Structures are given as structure tokens and as C-alpha cells.
Amino acid sequence: GEGAPAPPRRAAVVRVVGVGHEQPGDTALRVPWELAGSPGFVAIQLRTTVPRITVGVGLARRDGLLEAVAAIPGVPAVATSPVGGTFVVGGPAWIALAAVGVVPKDTVWPIDWMLGAVSGWLADYLDTKGARLAVGRVDGAWCPGFSDGQVGGRKLVGLGFRVSAGRVACHGVVAVTPLGAQDLAWLQAAHALIGLPVDPSRCTSLAECTATDGWSAETAVAGLAGAPAPRPAAA
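Please read these numbers as outputs of a predicted model, since none were measured by experiment.

J.: Sorry, what's going on with the overall build of the protein chain here?
T.: Counting its regular elements, the protein chain contains five helices and 10 strands. With respect to the principal axes defined by its C-alpha atoms, the protein chain has extents near 45 × 40 × 35 Å. Burial status across the protein chain gives 52% buried among its 235 residues. Partitioning the contacts of the protein chain with sequence separation of at least 6, the portion at a separation of at least 24 is 76%. For the protein chain, the accessible surface area stands at approximately 10200 Å², while carbon and sulfur atoms represent 56% of it. Of the side-chain charges in the protein chain, 18 are positive and 17 negative, and the distance between the mean point of each set is 7 Å.

Right under this line is the structure:
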């Protein structure tokens, strides 16, 4: 393990600047670097997603892996993420986000800065729904990693990062409704290719962790688009 999950650090001014819609024909997702603004500001684009498996950029370079993912029964398409991670899926049960920021002067750890910004923004929204977000690896969840956003020890959010020339990007996926049988089967089959299990008891969704009905990709995007921007916190 990597210790107890930590509360998010609100390290930047965050604003949703638009809503996008991923397309089935997109085989390589891109970073919207053009959204970058002044240092210390993080711009977020929310996205609806389509049914497919998306593979982290590092894994996608492994010989034969993309072909093996494409051969999983029923998978309609495979895409490559511009950030690290293992595998995520899309469709009506999920939304995505792309965040871009210019790193403030004297920032030592750009990825930690972006993680604090995005997870702090998400935490502020979830607080209004009675759910407490923490950050830390959730073993047994889909795409496990140090930046997992979790509620009650179950993974809700996956975040990956990319740093380039003083800028840092974050791509993320948020589970909106409980993990369905098809999505679980795809996630288990894909993760099995690299020897990782996916246990549904280690996963949650906005519907589950807020204990409220009426969630959809559209309501999740609308809610997060209106979420208050966290104020910067001291480093």
C-alpha cells in the first residue's frame, strides 16, 4: 500500500471552459493545450464519452497490446490516451475531463500541483452532495494509481498526467452510474492482459457515493460545469 488516502490540496484557480463530446472515430485522444491560460489557472473541458476501451500512452507502445484489446469480445473500438495509466472504458455510465494549466513559477512538482487542482475542484463539488473525496491508490479498481479519487475507499475518479514545456495536462474519467456487466467484463479482460484484477467492490460511482437517483452523463456534466472553483491553498 501507499499509506492512507489524503484529502485533495486546492492548489489553483479552476474553471470549466467548455463541454466536448468524444467521437467513436477518435483513435488517439489529444491534449487541448490551446486552453492553457495564465500561470496558476487550470482550464477544464468536460466530455461525454463513447463505448470503447482507452489505453494509457505507455501501455499502448507494448507490442501486440492494442491488438489484444481490440480482440476482447464485443469491444467496438480502441483508443489511445495522451496520458499514462492502464485501461478505462467509456459510454453513458462515464464522463471524461481534460484539464490544462501553466505551472506557477517555483512549482517543484507540476503533477502534484495539477492533481491538487483537479481533485480539489472535484472534492468541492462532491462536498455539496454529501460525499468526501480522498486521493490515493485503490488496489483492485480499474486503472489503479497514486492519483485515484476515492470515496469510502472505493474508486470514483481516474486521473493521468502529462508535462510539457512548463505546462501540465490531466485527463480523467469519472464513473457516473454503477459499473455495469458489460463495462466490468471489458475492464476485467483488458486488465487481465497485464496481470491486474478488477473487483467491482473496489469501485463506486456518483450515483452510489451520493446515494441519489437521476444521474446520467448529461446531469453529471451539467453539475460539474456549475461547480464552484476552489480557491488556492498555501503550498
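J.: Got a minute to help me understand the sheet that holds strand E4 (residues 78–80) in this structure?
T.: Through backbone hydrogen bonds, the strands of a sheet pair up, either in parallel or in antiparallel fashion. Strand order in this open sheet of three strands is E4-E3-E5, and the pairing throughout is mixed. Where the open sheet ends on each side, the last strands, each with one partner, are E4 and strand E5 (87–89). Looking at each pair of strands side by side, their axes are set apart by 30 degrees on average, direction ignored. Bridge count between strand E3 (residues 53–55) and E4: three bridges; the pairing is parallel. Paired with Thr54 across the bridge in E4 is Ala79. Strands in contact with helix H3 (residues 181–192) are E3 and E5; relative to E5, the strand with the most contacts, it is inclined by about 165 degrees.

J.: I tried to follow the pairing of strand E2 (residues 41–48) on my own but got confused; where do I start?
T.: Of all eight residues in E2, eight are buried, a share of seventy percent or more. Across the two faces of E2 the burial is the same, with Phe41, Ala43, Gln45 and Arg47 and Val42, Ile44, Leu46 and Thr48 all buried. Pairing geometry for strand E1 (residues 13–21) and E2, over eight bridges, is parallel. Residue Val14 lies in a different strand from E2, and its bridge partner there is Val42. Relative to strand E6 (residues 94–102), E2 runs antiparallel, the two being bridged by seven bridges. The partner of Arg47 across the bridge, within E6, is Ala96.

J.: Help me understand H3, please; the structure alone is not making it clear to me.
T.: Helical periodicity: at 3.6 residues per turn, an α-helix aligns residues three or four positions apart in one direction. The terminal C-alpha atoms of H3 lie 16 Å apart, and with 12 residues this matches the ideal 16 Å at 1.5 Å per residue to within 8%. All buried positions along H3 are accounted for by Asp183, Leu184, Trp186, Leu187, Ala190 and His191. Projection of H3 onto a plane perpendicular to its axis shows the buried side chains occupying an angular sector of 165 degrees, all on one side. Opposite the buried face of H3, at more than 90 degrees from it, the exposed residues are Ala181 and Ala192. Those residues of H3 hidden inside the fold are in contact with E3, E5 and E6.

J.: Looking at this structure, I do not really get helix H2 (residues 110–127). What am I missing?
T.: Across its 18 residues, H2 extends 25 Å between first and last C-alpha, which sits within 8% of the 26 Å expected from 1.5 Å per residue. With 14 of 18 residues buried, H2 lies mostly within the body of the structure.

Each value, and the rule that gives it
Residue positions are counted from 1 within each chain, in the order its sequence is given. A pLDDT threshold of at least 70 governs which residues receive local features in this predicted model, and a stricter bar of 80 or more applies before side-chain atom pairs are shown or counted, although totals over entire chains, interfaces and linings include all residues. Neither water nor hydrogens contribute to the side-chain values; these are computed over all heavy atoms in the structure. Counting from the N terminus, the helices are DSSP H or I runs at least four residues long and the strands are E runs at least two residues long. The rule is simple: take the accessible area with a 1.4 Å probe, protein chains only, and divide by the maximum for that residue type; under 20% is buried, over 50% is exposed, in between is partly exposed. Whether two residues are in contact is decided by their heavy atoms, any of which lying within 4.5 Å being enough. For the accessible areas, the method is Shrake-Rupley and the probe is 1.4 Å, while residue cover comes only from the protein chains on display. Charge convention: Lys and Arg are scored as positive, Asp and Glu as negative, and His as well as the terminal groups of each chain are ignored. Think of each charge as sitting on NZ of Lys, CZ of Arg, CG of Asp or CD of Glu. Strand pairing requires that DSSP identify at least two bridges connecting the strands. Lines fitted to C-alpha atoms define the axes here, with helix axes fitted over just the stretch in contact, and angles between the N-to-C directions of these axes take values from 0 to 180 degrees. Expected span of a helix: the number of residues minus one, times 1.5 Å. Of all possible arcs, the one meant is that of the directions from the helix axis to the C-beta atoms.

Everything listed is a geometric property; what it means functionally is a separate question.
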